[in-house]
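# Geometric and topological summary
So the chains spell out like this:
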Amino acid sequence: MTDDLTLLYRTMLLIRRFEERVAELYTLGKIGGFCHLYNGQEAVATGAITALRPDDYVLVYYRDHGHALARGADPKRVMAELFGKSTGLCRGKGGSMHLFDVAHGFLGGYAIVGEHLALAVGVGLAIKYRGGDQVVTCFFGDGAVNGGMFHESLNLAALWKLPVVFVCENNQFGMGTPIAVAMSLPDRLHEKAEAYGMAHDVVDGMDVLAVRDRVADAVRRARAEQTSTLIEAKTYRFVGHSMRDPAHGVYRTREELEAHRTQDPLKTFPRLLKDKGLATDEDLARVDRDVRAIVDEAVAFAEASPTLSSAEIEEDVYA
Ligand SMILES: Cc1ncc(C[n+]2csc(CCOP(=O)(O)OP(=O)(O)O)c2C)c(N)n1
């Protein structure tokens, strides 16, 4: 298997295996607070983030474990953060929704729907002001598109010609609300960029290669011409909105879920690799073994890490 295909498969599988353990550990009470899993959407973060340079920037909504891992954050420190341990990425004070890793240009997970689009615009402005050629990529859900911050942010990004790639992960639900109940023109989400004269694109978010290629186009444009793009990645989450809301049946049928599961990138991508003779069963099994070992090591690290003392808890608090 070539290095770039291995990277794509390995990253998607790491996210899946990591979060399978997160779900177990949450149920055991080892992880608390809000916790939103990315199960089903792995091809979006993986494809998009592998199209970036190491000095580019990434901002994400609260469903952020996968993006942090894809960006190269240490799985041990991500897991420790979820445990609330002092060895976590944010010393255990951010938790699941607020991962942050400056060393990898990962400028945060954000819990307020749509808020970080404005922050991404600010990062884009900073890049331009400093005369850099980095790009900022901002991930958010379809729910954010109905909020004012989406429109304010696209307006300024287009007006000021900023190198921002907005990636809307259209998983077709905002919590338990189907997109068509909440959004006008739900089948034309990406066209909303037209209102701002911004380039836009739509891609199959279950196809990691397509996501990588289309985001790469937008990134090239942003770097060369300092222009923004809105990309809609059509995807689907296989689990509940969050660990506190694991409902499947209330707002979607079992049949709908199972139909989407046939498009699971962790089934379709390895099948494609095998069909094209690009990977053997042994190649794929080796990646799975490696990834499971990384996750085991991350859990052991988080378990063994110290909890914060009361003095540490009071540090970094501004009043
Ligand atoms: C401004 C704001 N309003 C409401 C909420 C509560 N809330 C949290 S997640 C969510 C759904 C957002 O759905 P979407 O943007 O499609 O992302 P998804 O969870 O589907 O990935 C809502 C309404 C919030 N966090 N922020």
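Details of the structure are given in the entry above.
In this report, the structure presented in the accompanying data block is examined. Nothing here was measured: the structure is a model prediction, and the numbers come from that model.

## Section: the site of the ligand
- Around the ligand sit 13 residues in total, of which Val113, Gly141, Asp142, Gly143 and Gly174 are the nearest.
- In terms of residue class, the shell around the ligand is made up of 6 nonpolar, 5 polar and 2 charged.

## A few points about the packing of helix 1 (residues 3-27) against helix 11 (residues 281-304)
- The N-to-C vectors of helix 1 and helix 11 enclose an angle of 40 degrees; their axes lie 9 Å apart at closest approach. As far as their axial angle goes, helix 11 and helix 1 are oblique. In the packing of helix 1 onto helix 11, the handedness of the crossing is right-handed. Between helix 1, through Thr6, Tyr9, Arg10, Leu13, Leu14, Arg17, Phe18 and Arg21, and helix 11, the contact on the second element is made entirely by Val287, Asp288, Val291, Arg292, Ile294, Val295 and Val299.
- Taken together, the residues that form the contact of helix 1 with helix 11 break down as 9 nonpolar, 1 polar and 5 charged.

## Some remarks on the pairing of strand 4 (residues 164-170)
- The element strand 4 is largely enclosed, with a buried count of 7 among its 7 residues.
- Residues of strand 4 alternate between two faces, with Val164, Phe166, Cys168 and Asn170 on one and Val165, Val167 and Glu169 on the opposite face, all of them buried.
- Here 6 bridges tie strand 3 (residues 136-141) to strand 4, and the two strands are oriented parallel to one another. Following the sheet pairing, phenylalanine 140 is matched in strand 4 by cysteine 168.
- After leaving strand 3, the chain enters helix 6 (residues 148-159) and then returns to the sheet as strand 4, a path that is right-handed.

## Looking at unusual backbone geometry
- In the Ramachandran plot, lysine 161 falls in the positive-phi region, its phi being about 50 degrees despite a non-glycine side chain.
- When you line up the elements, lysine 161 lands in the loop between helix 6 and strand 4.
- Owing to 14 C-beta atoms within 10 Å, lysine 161 belongs among the partly exposed residues under this scheme.
- In this structure, leucine 185 takes a positive phi of about 45 degrees despite not being glycine.

## Focus: the environment of glutamate 169
- Mapped onto the secondary structure, glutamate 169 falls in strand 4.
- In this structure, the C-alpha to C-alpha distance between glutamate 169 and glycine 141, residues 28 residues apart in sequence, is 4.9 Å.
- Residues in contact with glutamate 169, not counting those within four places in the same chain, are Gln41, Val44, Phe139, Gly141, Gly205, Ala233 and Thr235.

Calculation rules
- Residues numbered from 1 in each chain as written.
- Predicted model: local features only at pLDDT ≥ 70, side-chain atom pairs only at ≥ 80, totals over all residues.
- Near = placed C-beta within 6 Å.
- Nonpolar A, V, L, I, M, F, W, Y, C, P; charged D, E, K, R; others polar.
- Axes fitted to C-alpha atoms, helices over the stretch in contact; angles between N-to-C directions.
- Helix = DSSP H or I, 4+ residues; strand = E, 2+ residues; numbered from the N terminus.
- Parallel < 35°, antiparallel > 145°, perpendicular 65-115°, else oblique.
- Left-handed = near helix turned anticlockwise from the far one by under 90°.
- Contact = placed C-beta atoms within 7 Å.
- Buried ≥ 20, exposed ≤ 12 C-beta atoms within 10 Å, placed from the backbone.
- Pairing = 2+ DSSP bridges.
- Right-handed = clockwise from strand over helix to strand, strands pointing away.

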